[in-house]
Amino acid sequence: LEKENMHNYLFFKNFFFIIFSILILSNCDSSSKSYELKDFSIKDTASIVKFKISDTENNSIVISRVNESKIWMIEGSNYNATKPSVDLLMETFYRIRVKQDVPNSSLKTIFNRLSVKHKKVEIFTNENENPIKTWYIGSPTQDHMGTYMLLQNDKIKSSIPYITYKPGMYGSLDVRFFTDFESWRSSKVFHYQNSNHIKNIRVNFHTNKIESYHIERKDNSVLIYDTYGKLISNYDTIQVRHYLTHFNNINYNKVMNFKQDIIDSIFLLSPHCSFVLNDIYGLNKVVDFWKIRDKNSETGWDKEYGFIRIDKNNELLRAQYFNWEILFKPLSYFK
């Protein structure tokens, strides 16, 4: 009888312990629950004001338009973000879809791989200080027709990853998300799609001062002054207006990583031409352009490239000469 009573006591003790444990677990916070989140896309990409890309190798970059002009910029710098890359990500945010579930046989393997190596993309909107969605982007599928990804909505993370894709695209989505500063930096030096946004510009030819000039907008007119500040009375107004439209798609194509003494020696040389541009938004930009000597050229100058310096900083950039040559119009051209 004593053995039977003891057996019953242990049975009920274990039973109530199991029930108690179930009740405790059921009252745990949401972090212990299982969520299968798969709505990766963002329908209103116009509400996105910032996104941060980071990886498991401690690289990160933030692209933001939280500024007065609402232009996409690299946060923490004075550089615009390259527009094609921003547009590509906005399209990805909008069009991404789940292609299929990860097969159960490989679910644990894919989850472990994502934990070890991934790219993390945090997406912020107007209404949220915290990211509205966070993507954890893994490797491509074996056929390169999908990408393993895991979604977090606000603070709730999905318990399983999915295979995602963008309709009409072949290849992995992860290559679209990178953290390299130079790759994100816009190569645009002058980019005024509307030349009316240019308030005034000074063009200085350092080896031929007499051809230097200053163009200024005044009301609906454009005025041109010589190097001494004297107003030119007889000039081709149409050509002056047309000249301002050339400041639309002027770029550099490479950052020159020369030793500092070489960079300093170039900066000590007199530039071929300098531009001082002010726009209606209060932006002031100073750009110096140097021709590159080439003994093998009949002109003595490199026909393909020149060097530029922006705002007197310590960075030397290379520019394609044909892209800039259109700006080297002398004062006599407009008379």
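See the structure printed just above.
Residues numbered from 1 in each chain as written. Predicted model: local features only at pLDDT ≥ 70, side-chain atom pairs only at ≥ 80, totals over all residues. Heavy atoms only, no water.

Draft legend 1. Examining the sheet that holds strand β12 (residues 213–218) more closely. The strand order β13-β12-β11-β16-β17-β18-β19-β15 describes an open sheet built from eight strands, whose pairing is antiparallel. Whereas interior strands pair on both sides, the edge strands pair on one side only; in this sheet they are β13 (221–226) and β15 (254–255). As paired elements, strand β18 (residues 301–310) and strand β19 (residues 317–320) share four bridges and run antiparallel to each other. For F307, the partnering residue across the bridge sits in β19 and is R318. (Pairing = 2+ DSSP bridges. Helix = DSSP H or I, 4+ residues; strand = E, 2+ residues; numbered from the N terminus.)

Draft legend 2. Quick peek at the nonpolar core. Of all hydrophobic cores here, the largest spans 37 residues; its most connected members are F190, Y243, F275, I308 and W324. The residues touching W324, leaving out its near neighbours within four places in the chain, are V189, F190, I250, N251, F275, V287, F289, I308 and A319. One finds F51, I63, M169 and L173 within the second-largest nonpolar core, a separate group that totals 28 residues. (Core = buried A, V, L, I, M, F, W, Y, C linked by side-chain atoms within 4.5 Å. Buried < 20%, exposed > 50% of the residue type's maximum accessible area, 1.4 Å probe, protein only. Contact = heavy atoms within 4.5 Å.)

Draft legend 3. Highlighting helix α6 (residues 260–267). Buried within α6 are the following residues: I263, I266 and F267. Looking straight down α6, one finds that the buried residues subtend no more than 100 degrees of arc, so they occupy a single side. Lining the buried residues of α6 we find β17 (284–293) and β18. (Arc of directions from axis to C-beta.)

Draft legend 4. Representation of the packing of aromatic side chains within the structure. Applying the stated criterion across every chain, the model contains 26 aromatic pairs. Pairing F93 with F177 gives two aromatic rings, centres 6.2 Å apart and planes at 40 degrees, and the pair type is tilted. Highlighted residues: F93 in helix α2 (residues 83–95) and F177 in the loop between β9 (162–165) and α4 (181–184), separated in sequence by 84 residues. An angle of 75 degrees between the planes, with centres 5.4 Å apart, marks the rings of Y213 and F334 as edge-to-face. Here the residue Y213 occupies a position in strand β12, and F334 occupies one in helix α8 (residues 331–334), the gap between them amounting to 121 residues. Here the aromatic residues F190, Y213, Y243, F247, F275, F289, Y321, W324, F328, Y333 and F334 are joined through ring pairs into a cluster of three or more. One residue, R185, lies across the ring of Y79, its end atom 4.0 Å from the ring centre. (Phe/Tyr/Trp six-rings, centres within 6.5 Å; stacked < 30°, edge-to-face > 60°. Lys NZ or Arg CZ within 6 Å of the ring centre and 35° of its normal.)

Scope: geometric values only; no functional claims are made or implied.
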